[in-house]
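Chain by chain, the residues run as shown.
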Amino acid sequence: MHNQTKKYTKATLILAMVASALVAMLAWETLRSPGQAVAAAKFDPLDAGVQRQTQIREQQRTNARLEEIIRLLKSGKLRVVATPAKTTRKNAPR
């Protein structure tokens, strides 16, 4: 039984090493040629400018949605009623 566990452990370690090597090779290729990676993925996680532009676009979309909600609330077509939360063990006062 001990011998079988040893073989399983060895095979698992070899598999983990191979997977780690593949991940390292992919990361190296992405960092070595970021232009090609950006063209393929349309997003470069290492480019702060792209990240900032994405944040701005998402904030603009959020603002537009919030404006729509505010417009609905002001028009009276949408009503919100606040009720106290049910006390459960998770949110019970301590």
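Caption draft 1: Structural context of the overall build of the protein chain. Scanning the protein chain from N- to C-terminus turns up three helices and zero strands. Counting helices and strands in the order they occur from the N terminus, the protein chain gives α-α-α. Out of the 94 residues belonging to the protein chain, those deemed buried represent 1%. Taken as a whole, the protein chain presents about 9200 Å² of accessible surface, with 63% of it coming from carbon and sulfur.

Caption draft 2: Just the pattern of salt bridges, in detail. One pass over the full model with this rule turns up two salt bridges. A salt bridge links Arg61 to Glu58; the nearest nitrogen and oxygen atoms lie 3.2 Å apart. Of this pair, Arg61 and Glu58 both sit in helix H3 (residues 48–75), three residues apart, which is roughly one turn of the helix. On the accessibility criterion, Arg61 (43% relative accessible area) is partly exposed. Judged by relative accessible area, which is 38%, Glu58 ranks as partly exposed.

Caption draft 3: Fine view of the confidence of the model for the protein chain. Averaged over all residues, the pLDDT of the protein chain equals 77, while 73% of them reach at least 70. Within the protein chain, H3 carries the highest mean pLDDT (90), whereas helix H2 (residues 34–41) carries the lowest (54).

Caption draft 4: The arrangement of a nonpolar patch on the surface in detail. A contiguous nonpolar patch, built from Leu66, Ile69, Ile70, Leu73, Leu78 and Val80 and spanning about 530 Å² of accessible area, is present on the exposed surface. Among the secondary structure elements, Ile70 is positioned in helix H3. Judged by relative accessible area, Ile70 falls into the partly exposed class, the value being 45%.

Definitions and limits used
- Residues numbered from 1 in each chain as written.
- Predicted model: local features only at pLDDT ≥ 70, side-chain atom pairs only at ≥ 80, totals over all residues.
- Heavy atoms only, no water.
- Helix = DSSP H or I, 4+ residues; strand = E, 2+ residues; numbered from the N terminus.
- Buried < 20%, exposed > 50% of the residue type's maximum accessible area, 1.4 Å probe, protein only.
- Areas by Shrake-Rupley, 256 points an atom, 1.4 Å probe, with all protein chains shown as cover.
- Salt bridge = Lys/Arg side-chain N within 4 Å of Asp/Glu carboxyl O.
- pLDDT = per-residue confidence, 0-100.
- Patch = residues over 30% accessible without salt bridge, like charges linked within 9 Å, V, L, I, M, F, W, Y side chains within 5 Å.

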